[in-house]
There are 2 protein chains.
Amino acid sequence: MSEVYAARRTRLRERCEAAGSEAALVSGDANVRYLAGGAPSGAALLVGPDQDVLFCADDPYADASVGRPAEDLRVVVLPTPEGDPAVAGAERAVAAKVGSLAVEEHHLTVARHRALRSVAPGLRLADLGTAVEQQRMVKDDEEISSLRIAAEIADHALGELLESILVGRTERHLALELERRLIDHGARGPAFPTSVGSGPNSGLVGHPPSDRRVEEGDFLSVCLGADYRGYRSEVARTFVIGTSPADWQIELYEQVFAAQRAGREALAPGAAYREVDRAARLVLEGAGHGERLGPRIGHGVGLEIGEDPRLAPSAMGKLDACVPVTVDPGVHLPGRGGVRIDDTLVVRPEADGGPELLTITTKELLAL
Amino acid sequence: MSEVYAARRTRLRERCEAAGSEAALVSGDANVRYLAGGAPSGAALLVGPDQDVLFCADDPYADASVGRPAEDLRVVVLPTPEGDPAVAGAERAVAAKVGSLAVEEHHLTVARHRALRSVAPGLRLADLGTAVEQQRMVKDDEEISSLRIAAEIADHALGELLESILVGRTERHLALELERRLIDHGARGPAFPTSVGSGPNSGLVGHPPSDRRVEEGDFLSVCLGADYRGYRSEVARTFVIGTSPADWQIELYEQVFAAQRAGREALAPGAAYREVDRAARLVLEGAGHGERLGPRIGHGVGLEIGEDPRLAPSAMGKLDACVPVTVDPGVHLPGRGGVRIDDTLVVRPEADGGPELLTITTKELLAL
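Residues numbered from 1 in each chain as written. Chains lettered and ligands numbered in written order. Predicted model: local features only at pLDDT ≥ 70, side-chain atom pairs only at ≥ 80, totals over all residues. Heavy atoms only, no water.

Another point: the overall build of chain A. When helices and strands are tallied, chain A shows nine helices and 19 strands. In summary, chain A has a C-alpha radius of gyration of 23 Å against a globular reference of 21 Å for 368 residues, a match within 12%. Its C-alpha atoms give chain A principal-axis dimensions of about 70 × 40 × 35 Å. With 368 residues in all, chain A has 54% of them scored as buried. Excluding contacts between residues fewer than 6 apart, the proportion of contacts in chain A whose partners are at least 24 apart in sequence is 65%. Total accessible area computed for chain A in this model is approximately 14,800 Å², and 51% of it derives from carbon and sulfur atoms. Taken together, the 40 basic and 56 acidic charged side chains of chain A have centroids lying 3 Å from each other. (Helix = DSSP H or I, 4+ residues; strand = E, 2+ residues; numbered from the N terminus. Rg over C-alpha atoms; globule rule 2.2 N^0.38 Å. Buried < 20%, exposed > 50% of the residue type's maximum accessible area, 1.4 Å probe, protein only. Contact = heavy atoms within 4.5 Å. Areas by Shrake-Rupley, 256 points an atom, 1.4 Å probe, with all protein chains shown as cover. Lys, Arg positive; Asp, Glu negative; His and termini not counted. Charge placed at Lys NZ, Arg CZ, Asp CG, Glu CD.)

Structural data, given as structure tokens:
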């Protein structure tokens, strides 16, 4: 396994050298884990000309669920809580005669950056930008396999919930039960706070579960995901409570479903991010919901739940094969409720059967 | 209620003016909430010479559990996900003819700070430092009342757990059950990830619950807290599983208990942070555990679980009345396990009865 992380660091080293920096200091948590194999929060990784060094403020072996540092890394645990791993990384770079160091200016605060400069006044600091985030977009088989399991776990948890009585229970309790089931099925934890919206709260993105009880006739929308080995899936479904959905519910559901399908079908290597967004958005604009749509129709998933790419009108770039993304349109009608349908898929070429659906819970409108 | 937040902003404004800045741009989440009354994550608050303005990327009224912006604030919701509330705040400062703006350099990233500078090249940017964090240390009655409820909730959850059968259950399931009970008793959620450590895992700070099952003869240490209206309590207790604790368990428990009591008794207005740490640390050093102690013996709690002050050997400063802190020493013996005892208390003068204990679960060594 160590070779995977070493190869990732080699790619980063090459990219740095091409951009004129002798070394990189990585401090974004997910970026450090991606390159190191495992690290506690707040760690910093020096990817340099010599041996790479992981600086941690906490014991990197205390929490096996975030993985362990690769064996070829040198690991330095700082003795005091005041020690800043990024500052220690800069000091090491100076000691190793590095002249120019690329840092993650979108993760480092102004205060930490200043502390770096003050311990290493002769070091030329450059911006690494989102180089590691870009490198993380295309996943390898192992990563996709973790995502597949994360998706299965969430499907299981959701399936079991649907077999239980829902009327009369609060959004908060349903969310808790889902999170318990995620862990029962092997998740390290929820990938993000589980959202359960009933009645007028249904269809709201990221709705925090409230004390509202599920009632007959409600729409019930649920959005959850599992964290498996650090990889995070996302799935949302919307149901109707009671025997017969109202006409407006059936109509709205069909509109969102059609939009979500259009988005899924637009996923292909070479498709522009904005085209995927456009495919789903057009359907809902045609149904008169243009004003009610969120800023994007999907996003990448992996070590973080909302990572690159963004599938949005203004996003620049094209999909590659083996990029896992969500397609998650939704419409909320104020005072009435709404629908959200969300899958995690992996972009695959047509020849391989097209996009691989990881979240397989049915998207028929279930009346529960 | 609006007056409370307005008064907090007035204090900050005065402090800014004294330091030579005409306005402040606050971007730390807890700091924004403290001054605004409620705000979604990522918001920024311009505390200026004119009307104060809260800039949000998300709807500030969507999640009532984080509170609502005070009514006298002007609220601006940015239209797109690309809009940075802090950048919008800087633009507004320029439009309001502000010449110098203090920003939170320990919260803003280098990249965001640069974006601020580029939209407002004529604006003189200064560092607000931890002015708001300092202001947050001494709590008002309303805040202490929220913390008191948060502590009661955690006590209830813990008390109920102790009435159930523990042997054979995994750390992970015990942690989940505690978190469910926190919510049952009215918490918005756990104040931090609940830690449950059994046997060799007991006594480890922040131990993430594993699949290890509780066994006869184990130490079981539990650390949890409730988030009530944004305010976070913390309590830890250690128990013995089975009828009769071993001698080493009784001895270690008594040592940690004595240290924790010494720390609690050292809490008083005017006491130096390091004196409190010293009081507890001396007891454990005397028992030969000096090498096994963590870097600090307690910390402030409030809108964040680990806020100022730090009760540590190198900490500078003295306690004030109405500062809520934890006293949480612990010792872990590798391979055997350990003890952690942690309370949330409010510093009070002797005349008012001394420190107010918020977490009242017994600290006798219970054999369960």
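This next bit is on the pairing of strand β5 (residues 100-103) of chain B. Successive residues of a regular strand alternate their side chains across the two faces of the sheet. Residues and elements named next belong to chain B. In β5, alternate side chains face the same way, and those of S100 and A102 on one face and L101 and V103 on the other are all buried. Judged from the three bridges that link them, strand β1 (residues 23-26) and β5 form a sheet pairing that is parallel. Considered in β5, the bridge of A23 is made with L101. Direction of pairing for β5 relative to strand β6 (residues 124-127): parallel, over a ladder of four bridges. Opposite V103, over in β6, you have D127 as the bridge partner. On the question of chirality, the crossover connecting β5 to the parallel β6 by way of helix α4 (residues 110-119) is right-handed. (Pairing = 2+ DSSP bridges. Right-handed = clockwise from strand over helix to strand, strands pointing away.)

Residues and elements named next belong to chain A. What the domain assignment lists for chain A is domain 1 (2-136) and domain 2 (141-357). Distance from the C-alpha centre of domain 1 to the C-alpha centre of domain 2: 34 Å. Taken over both partners, the interface formed by domain 1 and domain 2 buries close to 680 Å², and the fraction arising from carbon and sulfur atoms is 42%. Among the residues domain 1 hides against domain 2, the three largest losses belong to A30, S65 and R136. Together they make up 54% of the total. At the junction of domain 1 with domain 2, the criterion picks out three salt bridges. (Domains from an automatic or database assignment. Buried area = accessible area lost by both parts, 1.4 Å probe. Salt bridge = Lys/Arg side-chain N within 4 Å of Asp/Glu carboxyl O.)

Moving on: the nonpolar core. General note: in soluble globular proteins, nonpolar side chains tend to be found buried as a group. Core analysis: the biggest nonpolar cluster contains 31 residues, and L12, V26, V32, L45, L54 and L128 of chain B have the highest contact counts within it. For this core, the elements supplying multiple residues, two or more each, are α1 (2-18), β1, α2 (29-36), β2 (44-47), β3 (53-56), α5 (131-136) and α6 (141-162) of chain B. By residue number, the principal contributor to this core is α2 of chain B, which donates five residues. Viewed by domain, this core spans two of them, domain 1 (2-134) and domain 2 (141-357) of chain B, each represented by three or more residues. Contacts of V26 of chain B, omitting those with residues within four sequence positions, involve L12, N31, V32, L35, A43, A44, L45, E104, L128 and V132 of chain B. Listed in part, the 30 residues of the second largest apolar core include L12, V26, A102 and L303 of chain A. (Core = buried A, V, L, I, M, F, W, Y, C linked by side-chain atoms within 4.5 Å.)

Our focus in this paragraph is the relation of the copies chain A and chain B. Each copy of the chain is related to the other by a rotation around an axis and a translation along that axis. Superposing chain A onto chain B takes a rotation of 180 degrees plus a shift of 0.0 Å along the axis, which leaves an RMSD of 0.0 Å. Classification of the inter-copy transformation places it as that of a two-fold axis. Every residue of chain A has its C-alpha some distance from the rotation axis, and the shortest such distance is that of T109 of chain A, at 1.9 Å. Here 100% of the contact residues of chain A are again contact residues in chain B; the copies associate through an equivalent surface. (Least-squares fit on C-alpha atoms with pLDDT ≥ 70 in both.)

Residues and elements named next belong to chain A. Sheet architecture is open: three strands sit in the order β7-β10-β11, paired in antiparallel fashion. Pairing within the sheet leaves two strands with one partner each, and these edge strands are β7 (189-190) and β11 (231-232). In this structure, β7 lies alongside strand β10 (residues 226-228), joined through two bridges in antiparallel fashion. Its bridge partner being in β10, P190 is matched across the sheet by A226.

Residues and elements named next belong to chain A. Enumeration according to the criterion identifies two aromatic pairs over all chains in this entry. Between F219 and W248, the ring centres sit 5.5 Å apart and the planes meet at 85 degrees, which makes this aromatic pair edge-to-face. Of this pair, F219 sits in strand β9 (residues 219-224) while W248 sits in helix α8 (residues 247-265), and the two are 29 residues apart along the sequence. Across from the ring centre of Y34, 4.0 Å away, lies the NZ or CZ of R8, which sits over that ring. (Phe/Tyr/Trp six-rings, centres within 6.5 Å; stacked < 30°, edge-to-face > 60°. Lys NZ or Arg CZ within 6 Å of the ring centre and 35° of its normal.)

Right, let's get into the sheet that holds strand β12 (residues 235-240) of chain B. All names here are of chain B. Reading across from one edge, β8-β9-β12 is the order of the three strands in this open sheet, with antiparallel pairing throughout. Either end of the sheet is taken by a strand with one partner, and the two such strands are β8 (195-198) and β12. Across this sheet, the average inter-strand angle for adjacent strands is 10 degrees, counted without regard to direction. Strands β8 and β9 (219-224) of the sheet are contacted by helix α7 (residues 171-184), whose axis makes an angle of about 145 degrees with β8. (Axes fitted to C-alpha atoms, helices over the stretch in contact; angles between N-to-C directions.)

Moving on to the packing of helix α1 (residues 2-18) of chain A against helix α2 (residues 29-36) of chain A. Residue and element names in this part refer to chain A. Direction vectors running N to C along α1 and α2 enclose 120 degrees, while the axes themselves pass 7 Å from each other. On α2, the residues touching Y5, R8, R9 and L12 of α1 are R33, Y34, L35 and A36. For the contact of α1 with α2, the class distribution of residues is five nonpolar, no polar and three charged. (Nonpolar A, V, L, I, M, F, W, Y, C, P; charged D, E, K, R; others polar.)

All names here are of chain A. Neither face of strand β8 (residues 195-198) is open: one carries S195 and G197, the other V196 and S198, and all of them are buried. Note: β8 against β9, four bridges, orientation antiparallel. Across the sheet, residue S195 finds its bridge partner in β9, namely C223.

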